[in-house]
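# Remarks on the overall topology
The chain contents come next:
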Number of protein chains: 2
Amino acid sequence: MDPEKEITIYDIAKKLNISAATVSRGLMDHPSVNINTKQKVVEAAQEMGYRSNHLASNLRKKKSNIIGIIVGNLNSSFMSNVIAGVEKVLSEAGYNLIISQSLDSVAKEVNIAQAMYNNRVDGLMVSLAYETENADHFESFVKRGIPLVYFDRVWPHPKCPGIEIDNVKASYHITDHLIKQGCKRIAHITAFRLSSVAADRYKGYEQALIDNNLRVEEDLILRTQLTLKAGIEAAHTILAMAKRPDGVFVTNDACAVSCMQELKRHGIRIPDDIAFAGFNNDTEASIIEPNLTTVNYKGYDMGEVAAKILINRLNNSENVSPADNKLIQKSELVIRDSSLKKK
Amino acid sequence: MDPEKEITIYDIAKKLNISAATVSRGLMDHPSVNINTKQKVVEAAQEMGYRSNHLASNLRKKKSNIIGIIVGNLNSSFMSNVIAGVEKVLSEAGYNLIISQSLDSVAKEVNIAQAMYNNRVDGLMVSLAYETENADHFESFVKRGIPLVYFDRVWPHPKCPGIEIDNVKASYHITDHLIKQGCKRIAHITAFRLSSVAADRYKGYEQALIDNNLRVEEDLILRTQLTLKAGIEAAHTILAMAKRPDGVFVTNDACAVSCMQELKRHGIRIPDDIAFAGFNNDTEASIIEPNLTTVNYKGYDMGEVAAKILINRLNNSENVSPADNKLIQKSELVIRDSSLKKK
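Before going into details, it helps to say that this report is about the structure given with it. If you're wondering where the values come from, they're calculated on a predicted model, not measured in any experiment. (Residues numbered from 1 in each chain as written. Chains lettered and ligands numbered in written order. Predicted model: local features only at pLDDT ≥ 70, side-chain atom pairs only at ≥ 80, totals over all residues. Heavy atoms only, no water.)

### Quick word on the side chain of R185 of chain A
Residue and element names in this part refer to chain A. Here is the rule: Secondary structure is summarised from DSSP: a helix means a run of H or I of at least four residues, a strand means a run of E of at least two, and numbering begins at the N terminus for each. In the analysis that follows, any N or O atom pair within 3.5 Å is treated as a polar contact, provided that within protein one partner can donate a hydrogen and the other can accept it, and provided that, for residues neighboring in sequence, both atoms belong to side chains. For this analysis, residues touch if any pair of their heavy atoms sits within 4.5 Å.
Within the secondary structure, R185 is located in the loop between α8 (167-180) and β6 (186-191). Within the structure, the side chain of R185 is placed 2.8 Å from the backbone oxygen of K243, a separation counted as a polar contact. Those residues in contact with R185 that lie beyond four places of it in its chain are E217, L220, K243, R244, P245, D246 and G247.

Shown next as structure tokens:
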């Protein structure tokens, strides 16, 4: 077979010595074509490697049976769990999932959105890139009536449900827990650019300090990339402080764990010298010693819920009431040894 | 806009009061259409949400600029690293990546392969599902001349390069290292169904025992799902043994780490009572205490190499010599405290 040549219905017609119109109707299971001819057409199409014409078949069926998901980065157990939950629901509903990562770049997110649109996904799920400041590049989906569901890093939109957790509340609780354990100088490791998620966690931290009559000190706010490497650098910033914190709340676990490891290497005792708390309940949090206090919110459940909402939208295209558009998932404080100064 | 209606070139033609043929030529940048008309056509197409006809545009350009990747499971830092390496190379070359996971099911892999084929990916990268016993479902790509590159879990094929590491050699070395540390009864935690990867690691383990005049004991081969849960179960199997092993070589790190944690909970000292070694150098391996001895092979590098080969194939469609078809990536033994009985 000449790999350069795309097989068309004309090639199939020529091979079977019938008209192209008959081939076309046969492939579309049209009643005017007799069953034997249909079978011959389908067999020849398969044998010759004919690829269904997406435009034509989608115009008829309006379905690709493919759902797209765009995430910032796949590199976390939280996101793996979300995708596992999504896959479970979609598999049961007979859809395939294609995944793309924006690598937290808005330019890449715009490209991927366009590719998914051209690929005619039946629905789209999005957790926005860290950099993204508006969601205009997803408007084509909304206009076209393709269901779009946001999760985790969401964009408020009357037609697009968003599933998230109450980040302010969760980080308020974890900061308050550190204070109750006796911490008076709590550092916060957060992001350079505040996404809605990081901003909300910062807000909760700040409010807990204020409510407990503690000062919010700019020196104790460490803005980083939140990577493993950033955790090590943050440890050195802390080690170099004239007056070190007695507690650290990090906005994600990965960065918290690498920061803890580096401080331990320099003789800092956790939680006695510095208590630690993270966020996400990633696998590492229960491997590091002492185990890391963190906020658990089930990625798997979030994925399941988001996918179910999407499938519902696909099955019922009527509008859903606005009250349905913001879904708060449950989260819980997981207290482990890294924060227990009082035992 | 009526979301049910697909915008066609006829709609654009009607709006601009020109012929559909002119719209079609305008969208394809045909020299017969004047530049002002072209611009009007393109603007109207964007405004109305016209989706490019994949068949037509691919027949012309024969390119979607999309590369597909199918992996067994995204849920490991190894696979995240592979994908990061792939993304880097593809981004630079101007391609978008769509990812699908087979969840190690051959049925799902067959479906996804078909979806990727119909979506006209320009190239495909595959790490086979755990269950897969042949690669017939990828033949349509080969026939069609769409470059296909295997990595990690590969399928030997004269036209499809495979990038892997020498699993026999690496596991021989790590088992030999345990023996040199004084281990005489080394258990091996492996998979129920032996993929080429698990089979090769088993082979290396066996050969190292034989070469060191140690018996291969069936009781010491633990066949599991290799999950975190399986690691805990394996720990209980070991605890219940009349004669416990003095070393354990696990075919992946995740399972090794959970097995170690459970044994530690039951008072087993590592490495004194039982030395441990894993495979993959996942993040957990350097968080668990004692840190886990393992085999490092760079997922990022493997992803980069695989993507570069794919891009080369896309740019030069001529056949590559068979010698090019099996690429062995370097791997190295990372010795940490979990295996150091002799210090």
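That shown, we press on.
### So, the packing of α8 of chain A against helix α9 (residues 196-211) of chain A
All names here are of chain A. Definition in use: For helices, the axis comes from a line fit to the C-alpha atoms of the stretch in contact; other axes are also lines fit to C-alpha atoms, and the angle between any two N-to-C directions lies between 0 and 180 degrees. To sort the angles, those under 35 degrees are grouped as roughly parallel, those over 145 as roughly antiparallel, those from 65 to 115 as roughly perpendicular, and the leftovers as oblique. Note on convention: near helix rotated counterclockwise from far helix by under a right angle means a left-handed crossing. Clockwise means right-handed. When residue character is reported, Ala, Val, Leu, Ile, Met, Phe, Trp, Tyr, Cys and Pro are called nonpolar, Asp, Glu, Lys and Arg charged, and the others, Gly included, polar.
Two elements in contact, α8 and α9, have axes separated by 7 Å at closest approach and are oriented at 40°. Here α8 lies oblique to α9, going by the angle between them. The handedness of the crossing between α8 and α9 is right-handed. Where α8 abuts α9, its residues N167, V168, S171, Y172, T175, D176 and I179 lie against V197, D200, R201, K203, G204, Y205, Q207, A208, L209 and D211. Of the residues assigned to the contact of α8 with α9, the class counts are 7 nonpolar, 5 polar and 5 charged.

### Notes on helix α11 (residues 253-265) of chain B
Residues three or four positions apart in an α-helix share a direction because the helix packs 3.6 residues into each turn. All names here are of chain B. Stated formally: A helix is expected to span 1.5 Å for every residue after the first. Exposure is judged per residue with a 1.4 Å probe applied to protein chains only, and the accessible area is read against the type maximum: over 50% gives exposed, under 20% gives buried, and values in between give partly exposed.
Between its terminal C-alpha atoms α11 stretches 18 Å, which fits the 18 Å expected from 13 residues at 1.5 Å a residue. When you tally the buried positions in α11, you get 11 out of 13 residues, the bulk of the element. Residues of α11 that are buried include every one of D253, A254, C255, A256, V257, S258, C259, M260, Q261, E262 and L263, and no others. Where α11 terminates, the next one or two residues include G267, which has phi positive at roughly 85°.

### A few points about the pairing of strand β3 (residues 123-126) of chain B
All names here are of chain B. Rules: Strand pairing is assigned whenever DSSP identifies at least 2 bridges connecting the two strands. Seen with its strands pointing away from the viewer, a crossover is right-handed if its path from the first strand over the helix to the second goes clockwise.
In β3, alternate side chains face the same way, and those of G123 and M125 on one face and L124 and V126 on the other are all buried. Across 4 bridges, strand β1 (residues 66-71) lies against β3 in parallel orientation. Of the residues in β3, the one forming a bridge with I70 is V126. With 3 bridges joining them, β3 and strand β4 (residues 148-151) adopt parallel strand pairing. Following the sheet pairing, M125 is matched in β4 by V149. Each parallel crossover has a hand, and the one from β3 via helix α7 (residues 139-144) to β4 is right-handed.

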